[in-house]
Amino acid sequence: MSPLESSIRRVLNLLLPKIHSLHKSSPQPIILGITGLQGSGKSTWASLIVKLLTSEHGLNTITISLDDLYKSHDDLIAWREKDSRNKLYRTRGQPGTHDEQLAAQFFAELRGCKGNDALKIPRFDKSKFNGEGDRVPEEEWPRITTKPDVVVFEGWCVGFQPLSLADVEKKQQLASAGKLPVNTPAKHKLEHLLEVNESLKKYCDTFMGPQHFDFMIHIDTDDLLNVYRWRLEQEHKLIAAKGTGMKDEEVRAFVDGYMPGYELYLDRLRVGFFDEKGKQVRVVLDGERGVDRVEEL
Ligand SMILES: Nc1ncnc2c1ncn2[C@@H]1O[C@H](COP(=O)(O)OP(=O)(O)OP(=O)(O)O)[C@@H](O)[C@H]1O
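Residues numbered from 1 in each chain as written. Predicted model: local features only at pLDDT ≥ 70, side-chain atom pairs only at ≥ 80, totals over all residues. Heavy atoms only, no water.

**Describing the overall build of the protein chain**
Just so we agree on the cut-off: In DSSP terms, a helix is any run of H or I states spanning at least four residues, a strand is any run of E spanning at least two, and both are numbered starting from the N terminus. C-alpha atoms define the radius of gyration, and 2.2 Å times the number of residues to the power 0.38 defines the globule rule. Note on classification: 1.4 Å probe, protein chains only; a residue is buried when its accessible area is under 20% of the maximum for its type, exposed when over 50%, partly exposed between these limits. Any two residues whose heavy atoms approach within 4.5 Å are treated as being in contact.
Looking only at helices and strands, one finds eight helices and ten strands in the protein chain. The C-alpha atoms of the protein chain give a radius of gyration of 19 Å, which matches the 19 Å a tight globule of 297 residues would have. Taking the principal axes of its C-alpha atoms as reference, the protein chain extends roughly 50 × 45 × 40 Å. Per-residue burial over the protein chain gives 50% buried out of 297 residues. Here the analysis covers contacts within the protein chain between residues at least 6 apart in sequence; of these, 75% occur between residues at least 24 apart.

Given below as structure tokens:
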């Protein structure tokens, strides 16, 4: 067994008794969030957890990625052009670039799903429009006809919760004084950070707040600079395999887009997403993406 698989099993074992107990007491699908830094392994964790829960624990488990809930291409362009000065919205990814109505509707249907009513799972194709991406036509979305016991919902900003205006401002001042790990909030105007924060608030109200999840796995690291290293390694591997990929400075710019989110919202997630204890596991990775430690929150 690979070290990664044994880490995933170890973390899953911490949550399993609680998952089984909730499964026995509630007919609704259990929502397990997976959040983590760029390239930290969210999709790898999600797919192995689906496999383990289904094949070894008899729990019918599916996964959905926040990436499948983006706005359509037309809506993404309209969103970008609404405020073309906001650099955070030049590409998809930030809160505001997903279709929160679609997301809220999907999760509401999922909670009410009794099986046999063919629930459709939204899909987004990142390759459309030269990489700008577009939603896959609804008739091509996969359908499920059996109520899932567990739904693994993964995304880079899953688990983030909005800050007050004063706290966003304070973070930006800290960044301007060079007191945050990478200081990226200083690279954006306050009003632009607040625009993302406002969208995050809407997400949390409608589909991404603590009230919408049962459990959360957070893949983290003590040193945010590791994220640049992991993403560069990932791209170098891709170039070695396919002969093409992003240049190093493009990779850095790409990761820079996510850093303000990490620098604004990770502190709160690290303290705990839920009010109740025992529902969240924080996995802290070392520089080589090995597990340094596991914390139950
Ligand atoms: N612990 C690990 N050690 C080494 N490589 C890993 C580890 N976890 C994942 N990888 C590899 O790193 C790459 C990124 O993993 P994955 O796509 O699961 O991450 P992600 O967090 O979902 O990424 P993204 O943020 O880009 O969506 C994959 O090639 C995966 O095989």
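**A closer look at the site of the ligand**
To keep it simple, the criterion reads: Whether a residue is near a molecule or strand depends on its heavy atoms: if one lies within 4 Å, it is near. Polar contacts, as used here, are pairs of N or O atoms within 3.5 Å; protein pairs need one atom able to donate a hydrogen and one able to accept it. Residues neighboring in sequence count only if both atoms are side-chain atoms. Using the Shrake-Rupley algorithm and a 1.4 Å probe, accessible areas are obtained, with residue cover drawn only from the displayed protein chains. Method remark: on a 1 Å grid restricted to protein atoms, a set of points is classed as a cavity if a 1.4 Å probe fits but cannot get out and as a pocket if it is open with protein on both sides within 12 Å along at least five of seven lines; lining residues have an atom within 4 Å of a point. More than half of a molecule's atoms lying within 2 Å of a cavity's or pocket's grid points is what places that molecule inside it.
Taken together, L4, L37, Q38, G39, S40, G41, K42, S43, T44, Q234 and R289 form the complete shell of residues around the ligand. For the ligand, an oxygen atom lies 2.4 Å from a polar atom in the side chain of T44. Isolated, the ligand exposes 630 Å² of accessible area, and the fraction of that covered by the protein chains is 68%. Counting atoms within 2 Å of the grid points, the majority share of the ligand lands in the largest pocket.

**Regarding the pattern of salt bridges**
Applied cut-off: Between Lys or Arg on one side and Asp or Glu on the other, a salt bridge is scored when a side-chain nitrogen of the former is within 4 Å of a carboxyl oxygen of the latter.
Scanning all chains against the criterion turns up 24 salt bridges. Two residues, E288 and R229, come together in a salt bridge whose shortest N-O distance is 3.3 Å. One end of the pair, E288, is in the loop between β9 (280-285) and β10 (291-296); the other, R229, is in helix α7 (residues 225-242), and 59 residues separate them in sequence. Taking the relative accessible area as the measure of exposure, E288 reaches 63% and is therefore exposed. In this structure, E295 and R282 form a salt bridge, with 3.0 Å as the shortest nitrogen-oxygen distance. Taken as a pair, E295 in strand β10 and R282 in strand β9 lie far apart in primary sequence, 13 residues in all.

**Quick word on the layout of surface pockets**
Selection criterion: Grid points are joined across faces, edges and corners, and a volume is the space filled by probe spheres set on the points.
In this structure, the largest pocket occupies an estimated 1500 Å³ of space. Every residue lining the largest pocket is counted, 50 residues in all, and those nearest its centre are Q38, R92, R231, F254 and Y258. For the lining of the largest pocket, the secondary-structure elements that each account for two or more residues are α2 (42-57), α3 (73-82), α7 and α8 (248-271). Looking at which element gives the most residues to the lining of the largest pocket, the answer is α8, with five residues.

**A closer look at the packing of helix α1 (residues 3-25) against α2**
Stated formally: The angle between two axes is taken between their N-to-C directions and runs from 0 to 180 degrees, where each axis is a line fitted to C-alpha atoms and a helix contributes only its stretch in contact. Here is the rule for angles: anything less than 35 degrees is roughly parallel, anything more than 145 is roughly antiparallel, 65 through 115 is roughly perpendicular, and the remaining ranges are oblique. In this scheme the crossing of two helices becomes right-handed for a clockwise turn of the near helix relative to the far one and left-handed for an anticlockwise turn of less than a right angle. Under the convention adopted here, Pro, Cys and the residues Ala, Val, Leu, Ile, Met, Phe, Trp and Tyr are nonpolar, Asp, Glu, Lys and Arg are charged, and Gly plus all remaining residues are polar.
It is at 10 Å that the axes of α1 and α2 come closest, and there the two elements cross at 55 degrees. The angle between α1 and α2 falls in the class oblique. Crossing angle aside, the handedness with which α1 passes α2 is right-handed. Every residue of α2 that contacts α1 at L4, E5, S7, I8, R9, V11, L12, L16 and H20 is listed here: T44, W45, L48, I49, L52, L53, E56 and H57. Of the residues assigned to the contact of α1 with α2, the class counts are ten nonpolar, four polar and three charged.

**Some details on helix α5 (residues 165-176)**
Applied cut-off: The span one expects for a helix is its residue count, reduced by one, times 1.5 Å. What the arc measures is the spread of directions leading from the helix axis to the C-beta atoms.
The first and last C-alpha atoms of α5 sit 17 Å apart over twelve residues, in line with the 16 Å expected at 1.5 Å per residue. V168, K171, Q172 and A175 are the residues of α5 that are buried. Along the axis of α5, the buried residues cluster in a sector spanning 100 degrees; they form a single face. Seen from the open side of α5, the exposed residues pointing more than 90 degrees away from its buried face are K170 and Q173. Looking at the packing, one finds that the buried side of α5 touches α6 (190-208) and α8. The first or second residue beyond α5 is G178, which carries a positive phi of 70 degrees.

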